[in-house]
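Structural overview for review
Each chain, written out:
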Amino acid sequence: MRTVKHFSPPQGPKIFCSANKSQQPCRQHAKREFRSVISPSEPQISLGGRGKKKIRHHQKRTRGDRWGKFKPAKEKGRKNSLAKVGATEGDTYPREIVFNEFYFLVRGNSLVNWQRKWDEDEDGRWLHSIIPKVSLKPWFNRLDLSRDFIRIFSRLMSNHCSLDAVLYRFDIAGSNLCSCGQGYHDIEHIVWSCEVHLVARTNLIDSLRARGKPPNVPVRDVLAVLDLDYMLEIYLFLKAIDLRL
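Now for a description of the structure that goes with this document. For clarity, every value in this text was computed on a predicted model and none was experimentally measured.

Overview of helix 8 (residues 198-210)
Every α-helix carries 3.6 residues per turn, so stepping three or four residues along brings you back to the same face. With 13 residues, helix 8 extends 19 Å between its outermost C-alpha atoms, agreeing within 8% with the 18 Å of an ideal straight helix rising 1.5 Å per residue. Buried residues along helix 8 sit against helix 7 (187-192) and helix 10 (228-240). Of the residues one or two after helix 8, Gly212 is the one with positive phi, at around 80°.

So this is what it looks like as structure tokens:
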């Protein structure tokens, strides 16, 4: 005679169905009892089909939920109510203002005032003719130049160098004339007119023509357009005559 094994839960007492006269265990009742023991108070979200979540009646899908993320309808209603309050009554929640939020306004206003004063001021007109627009970056920004090159041309741009025409304005030199007696001792006269540096000037003109640059261009115009090739030849000329600025 063949024996038949009956189903029995792994833990707890056996649960029998009252409708079954043979008093055999009921699988549906056992599953319900097993679920109630594991999570009696948590909402039951079961997986079915191809791994998608089955949403019970107490959960609602909100707009913007994707990839299986679901938010209760209470959270959506709370956000909508806060948005309505903010639109009608303004910012009702005080918060700390970060400096980065209004820093660009202060910076822009400072640059505008600086530019206005730079245009209307009477001092520094030589530098204003070379650099008319104010900037927080130096003229040699992102240029691969030597320190001595930057020093010399920064002094020429600001018109604060050791030439007699400059020193005479501060009562440091006794005269603003060149030793050759043909003009003022300034950068324009030294580079293009002074007869003392005739040999070095000839080499300067030949080098400029080899680069395709015209000679006798005012130094102020060269500094204004920031022609590095032209500035390099003037730098070599100043080094050749051993002029200290």
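What about unusual backbone geometry?
The backbone phi angle of Arg142 is positive, close to 60°, even though this residue is not glycine. Position of Arg142 relative to the elements: it lies in the loop between helix 4 (125-130) and helix 5 (147-158). Unlike most non-glycine residues, Leu226 shows phi in positive territory, near 55°. Relative to the assigned elements, Leu226 resides in the loop between helix 9 (219-225) and helix 10.

Considerations on a nonpolar patch on the surface
A surface patch of nonpolar side chains, about 600 Å² in accessible area, is lined by Phe99, Phe102, Tyr103, Phe104, Leu105 and Val106. The topology assignment puts Leu105 in helix 3 (residues 103-120). On the accessibility criterion, Leu105 (52% relative accessible area) is exposed.

So, the side chain of Glu233
Tracing the chain through its elements places Glu233 in helix 10. Glu233 has contacts with Leu204, Ser207, Leu208 and Arg211, leaving out every residue within four places of it along the chain.

Digging into helix 5
Helix length check: helix 5, at twelve residues, gives a terminal C-alpha distance of 17 Å against a target of 16 Å (1.5 Å per residue), a fit within 8%. Considered for burial, the residues of helix 5 that qualify are Phe149, Ile150, Ile152, Phe153, Leu156 and Met157. One face of helix 5 carries all of its buried residues, which in axial projection span an arc of 170°. Here the buried face of helix 5 lies against helix 4, helix 7, helix 9 and helix 10. Remark: Asn159 follows helix 5 within two positions and exhibits a positive phi of approximately 60°.

Some details on the packing of helix 5 against helix 10
Axis separation between helix 5 and helix 10 bottoms out at 11 Å; the angle between their running directions is 95°. What the angle tells us is that helix 5 and helix 10 run roughly perpendicular. Mapping the contact onto sequence places Asp148, Phe149, Ile152 and Phe153 in helix 5 and Met231, Leu232, Ile234, Tyr235, Leu238 and Lys239 in helix 10. For the contact of helix 5 with helix 10, a count of residues per class yields eight nonpolar, no polar and two charged.

Some details on the packing of helix 8 against helix 10
Running from N to C, helix 8 and helix 10 point in directions that differ by 160°, and their axes come no closer than 10 Å. In terms of their interaxial angle, helix 8 and helix 10 are classed as roughly antiparallel. For the element pair helix 8 and helix 10, the recorded crossing hand is right-handed. Contacts from Ala200, Arg201, Leu204, Ser207 and Leu208 of helix 8 reach helix 10 at Tyr230, Glu233, Ile234 and Phe237. Grouping the amino acids of the contact of helix 8 with helix 10 by side-chain chemistry returns six nonpolar, one polar and two charged.

Examining the pattern of salt bridges
Summed over the entire model, instances satisfying the criterion amount to six salt bridges. Close ionic contact of Arg151 with Asp148 constitutes a salt bridge, the shortest N to O distance being 2.6 Å. Taken together, the residues span about one helical turn, with Arg151 and Asp148 both in helix 5 at a distance of three residues. For Lys239, the salt bridge goes to Asp148, with nearest N and O atoms at 2.8 Å. In this pair, Lys239 sits in helix 10 while Asp148 sits in helix 5, placing the two residues 91 residues apart along the sequence. On the basis of relative accessible area, Lys239 is assigned to the partly exposed category, the value being 43%. A cluster of three or more residues bridged by salt bridges with shared partners is formed by Asp148, Arg151 and Lys239.

Reading guide: rules and limits
- Residues numbered from 1 in each chain as written.
- Predicted model: local features only at pLDDT ≥ 70, side-chain atom pairs only at ≥ 80, totals over all residues.
- Heavy atoms only, no water.
- Helix = DSSP H or I, 4+ residues; strand = E, 2+ residues; numbered from the N terminus.
- Expected span 1.5 Å × (residues − 1).
- Contact = heavy atoms within 4.5 Å.
- Patch = residues over 30% accessible without salt bridge, like charges linked within 9 Å, V, L, I, M, F, W, Y side chains within 5 Å.
- Areas by Shrake-Rupley, 256 points an atom, 1.4 Å probe, with all protein chains shown as cover.
- Salt bridge = Lys/Arg side-chain N within 4 Å of Asp/Glu carboxyl O.
- Buried < 20%, exposed > 50% of the residue type's maximum accessible area, 1.4 Å probe, protein only.
- Arc of directions from axis to C-beta.
- Axes fitted to C-alpha atoms, helices over the stretch in contact; angles between N-to-C directions.
- Parallel < 35°, antiparallel > 145°, perpendicular 65-115°, else oblique.
- Nonpolar A, V, L, I, M, F, W, Y, C, P; charged D, E, K, R; others polar.
- Left-handed = near helix turned anticlockwise from the far one by under 90°.

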